[in-house]
Amino acid sequence: MKIADCRVIVTCPGRNFVTLKIETDEGVTGIGDATLNGRELAVATYLTEHVVPALTGRDPARIEDTWQYLYKGAYWRRGPVTMSAIAAVDMALWDIKGKVAGLPVYQLLGGRSRDGVTVYGHANAETVDEVLTEVDRYVQLGYRAVRVQTGVPGLATTYGVSKDRLFYEPADAAVASEATWDTASYLAHTPGVFARVRDAFGPGLKLLHDVHHRLTPIEAARLGKSLEPYALTWMEDPVPAELQQGFRLIRQHTTTPVAVGEVFNTVWDCQQLITEQLIDYVRTTVVHAGGITHLRRIFDLAALYQVRSGSHGATDLSPVSMAAALHVDLAIPNFGLQEYMRHTEETDAVFPHGYRFENGYLHPGEQPGLGVDIDEEAAARYPYRPKALPVNRLVDGTLHDW
Ligand code: CS2
Ligand code: MG
């Protein structure tokens with residue numbers, strides 16, 4: 001069997017997605033997600049110009065060799081664009097391998113290690129009263145874990161609070177919109193939010209919160225300490241992740257668990273955080289961290305240090321990523337949680353898939369391969385629309401982390 005044709009499909013059913021479809025000379029196809037929010041065309045071009053020409057004629061069964069070829073052969077390594085492109089190829093080749101074997105990919109990864117993949121939903125609202133209603137909605141839907149995000153008094157907007165209750169897409173303008181941030185207001189407000197939520201829902205519900213890279217280590221230590229009475233499952237991205245030794249300071253002051261990694265692209269990005277046990281969950285994803293092949297390496301390293309997975313799963317990861325992620329989540333021994341932001345109906349129509357939500361779990365289904373496809377005719381009805389993620393400034397205008 002040989003790779004005969006590769007197509008890069010950019011579509012925008014409400015938001016942009018990049019998909020790689022690989023076809024073999026025996027008619028077996030595989031697909032991979034290559035979506036990088038706000039930088040979609042960079043990855044599409046990298047695939048079209050620098051990856052696809054090297055794939056034609058290769059044996060699709062040689063997944064590891066193809067991964068090494070695309071990683072080492074590029075000379076210029078790592079980074080979100082390169083690793084998202086490699087991820088798309090990797091997912092597509094695992095999809096083909098599953099179809100040829102007649103097995104869902106999780107069976108090729110060692111079989112199921114759990115009944116289902118526990119996911120978390122996203123309760124968000126401007127006020128605490130409103131977010132209590134949202135948390136209850138997710139509990140009624142059967143979620144066992146809920147991320148809680150609210151507005152911050154005095155700020156017009158903040159990360160994670162969407163206009164539409166069920167769908168959240170932060171890349172909302174062709175040129176980055178600008179938000180204003182104030183750390184002092186946020187630190188004063190947030191503990192009270194979780195006091196109310198924990199009081200209303202009791203000790204059993206897993207509660208999470210995404211700080212979204214905005215604090216300094218000592219501010220994050222203060223936040224973690226103030227949240228300890230509410231026993232969060234994790235405080236996410238407390239600080240920008242470049243300063244990895246900064247997490248030692250957070251660890252010295254608080255037992256609130258830490259989750260980091262959605263912006264990481266390789267195991268080398270999180271090696272220090274894992275091996276020094278500076279985090280409790282690693283959030284690397286199948287699309288931005290080199291695909292199934294590399295994501296397993298990250299989770300295997302994490303398992304040695306009792307760090308669990310907590311993969312990113314926002315709407316800017318297509319249903320192809322969600323399907324691939326679930327196969328990994330089902331098989332690895334150190335699964336923690338899977339983020340699950342539901343896609344819109346128009347997105348789901350472009351990406352028919354077999355995964356299903358039931359009783360707080362997602363299940364990848366038993367179809368051979370990844371259990372997802374792309375309807376190319378439907379995809380063609382949604383042309384690309386330039387969209388950028390917002391930019392954040394402090395009240396005095398200083399550019400800050402969004
Ligand atoms: C967030 C994401 O889901 C999360 O944890 O950090 O919504 C993130 O803001 C987007 O994926 C950026 O495109
Ligand atoms: Mg996040």
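What you see is a predicted model; the values in this text were computed from it and never measured. (Residues numbered from 1 in each chain as written. Chains lettered and ligands numbered in written order. Predicted model: local features only at pLDDT ≥ 70, side-chain atom pairs only at ≥ 80, totals over all residues. Heavy atoms only, no water.)

Undergrad: Looking at this structure, I do not really get the coordination of the magnesium ion (ligand 2). What am I missing?
TA: The expected angle between donors at a tetrahedral four-coordinate metal is 109.5 degrees. At an octahedral six-coordinate metal it is 90 or 180 degrees. At 2.0 to 2.2 Å from the magnesium ion (ligand 2) lie its protein donor atoms, namely Asp210 (OD), Glu236 (OE) and Glu262 (OE). All donor residues of the magnesium ion (ligand 2) come from one chain, and their arrangement in sequence is D-x25-E-x25-E. Remark: glutamate 262 occurs in the loop between strand E9 (258–260) and helix H9 (267–275) and aspartate 210 occurs in strand E7 (residues 206–210); sequence separation between them is 52 residues. As far as the burial class goes, aspartate 210 and glutamate 262 line up, both buried. (Donors = N, O, S within 2.8 Å, 3.2 Å for Na, K, Ca; no water. Helix = DSSP H or I, 4+ residues; strand = E, 2+ residues; numbered from the N terminus. Buried < 20%, exposed > 50% of the residue type's maximum accessible area, 1.4 Å probe, protein only.)

Undergrad: Where do I start with the site of ligand 1 in this structure?
TA: If you check the shell around ligand 1, you find 15 residues, and the closest are Asn37, His212, Glu236, Glu262 and Glu339. A distance of 3.3 Å separates an oxygen atom of ligand 1 from a polar atom in the side chain of arginine 147. The separation between an oxygen atom of ligand 1 and a polar side-chain atom of aspartate 316 is 2.9 Å. Within the complex, the protein chains bury 95% of what would otherwise be the 340 Å² of accessible surface of ligand 1. For the shell around ligand 1, the class distribution of residues is 5 nonpolar, 3 polar and 7 charged. (Near = heavy atom within 4 Å. Polar contact = N/O pair within 3.5 Å; in protein donor to acceptor, adjacent residues only side chain to side chain. Areas by Shrake-Rupley, 256 points an atom, 1.4 Å probe, with all protein chains shown as cover. Nonpolar A, V, L, I, M, F, W, Y, C, P; charged D, E, K, R; others polar.)

Undergrad: Help me understand H9, please; the structure alone is not making it clear to me.
TA: The α-helix winds at 3.6 residues per turn, so residues separated by three or four positions along the chain end up facing the same way. Taken residue by residue, H9 has Val267, Asp269, Cys270, Leu273 and Ile274 as its buried positions. Looking straight down H9, one finds that the buried residues subtend no more than 135° of arc, so they occupy a single side. Where the residues of H9 are buried, they touch helix H8 (246–253), E9, strand E10 (281–282) and helix H10 (291–304). With its phi angle positive at about 50°, glutamine 277 sits one or two positions after the end of H9. (Arc of directions from axis to C-beta. Contact = heavy atoms within 4.5 Å.)

Undergrad: I keep staring at the confidence of the model for the protein and nothing clicks. Help me out?
TA: Low pLDDT marks regions whose predicted coordinates should not be analysed in detail. Of the residues in the protein, 100% have a pLDDT of 70 or more, and the chain-wide mean is 97. Across the protein, the secondary-structure element scoring lowest on mean pLDDT is strand E6 (residues 178–181), at 96, and the one scoring highest is helix H3 (residues 80–101), at 99. (pLDDT = per-residue confidence, 0-100.)

Undergrad: I tried to follow the packing of aromatic side chains on my own but got confused; where do I start?
TA: Evaluation of the coordinates by the stated rule reveals 12 aromatic pairs. Judged by centre distance (5.4 Å) and plane angle (85°), the ring pair of tyrosine 120 and tryptophan 234 falls under edge-to-face. Of this pair, tyrosine 120 sits in strand E4 (residues 117–125) while tryptophan 234 sits in strand E8 (residues 234–236); the two residues are 114 residues apart in sequence, bridging distant segments of the chain. Ring centres 5.7 Å apart and planes at 85° place the aromatic pair tyrosine 159 and tryptophan 402 in the edge-to-face group. Of this pair, tyrosine 159 sits in the loop between strand E5 (145–150) and E6 while tryptophan 402 sits in the segment after strand E16 (399–400), placing them 243 residues apart in sequence. Of the two residues, tyrosine 159 and tryptophan 402, both sit in the buried class. Aromatic ring contacts, followed pair by pair, group Tyr138, Tyr143, Tyr340 and Phe357 into a single cluster. Looking at arginine 15, its charged tip hangs above the ring of phenylalanine 17, at a distance of 5.0 Å from the centre. Taking NZ or CZ as reference, arginine 144 lies 4.2 Å from the ring centre of tyrosine 361, over its face. (Phe/Tyr/Trp six-rings, centres within 6.5 Å; stacked < 30°, edge-to-face > 60°. Lys NZ or Arg CZ within 6 Å of the ring centre and 35° of its normal.)

Undergrad: Teacher, can you tell me more about the pairing of strand E3 (residues 29–33) here?
TA: One face of the sheet, then the other: side chains in a regular strand alternate in exactly this way. When you tally the buried positions in E3, you get 5 out of 5 residues, the bulk of the element. Residues Thr29, Ile31 and Asp33 of E3 are buried on one face, and the alternating residues Gly30 and Gly32, pointing to the opposite face, are buried as well. Taken together, the 5 bridges between strand E2 (residues 17–24) and E3 define a ladder with antiparallel strand orientation. Within the sheet, the bridge partner assigned to glutamate 23 lies in E3 and is threonine 29. Between E2 and the antiparallel strand that follows it, E3, lie 4 residues; glycine 27 among them carries a positive phi value of about 85°. (Pairing = 2+ DSSP bridges.)

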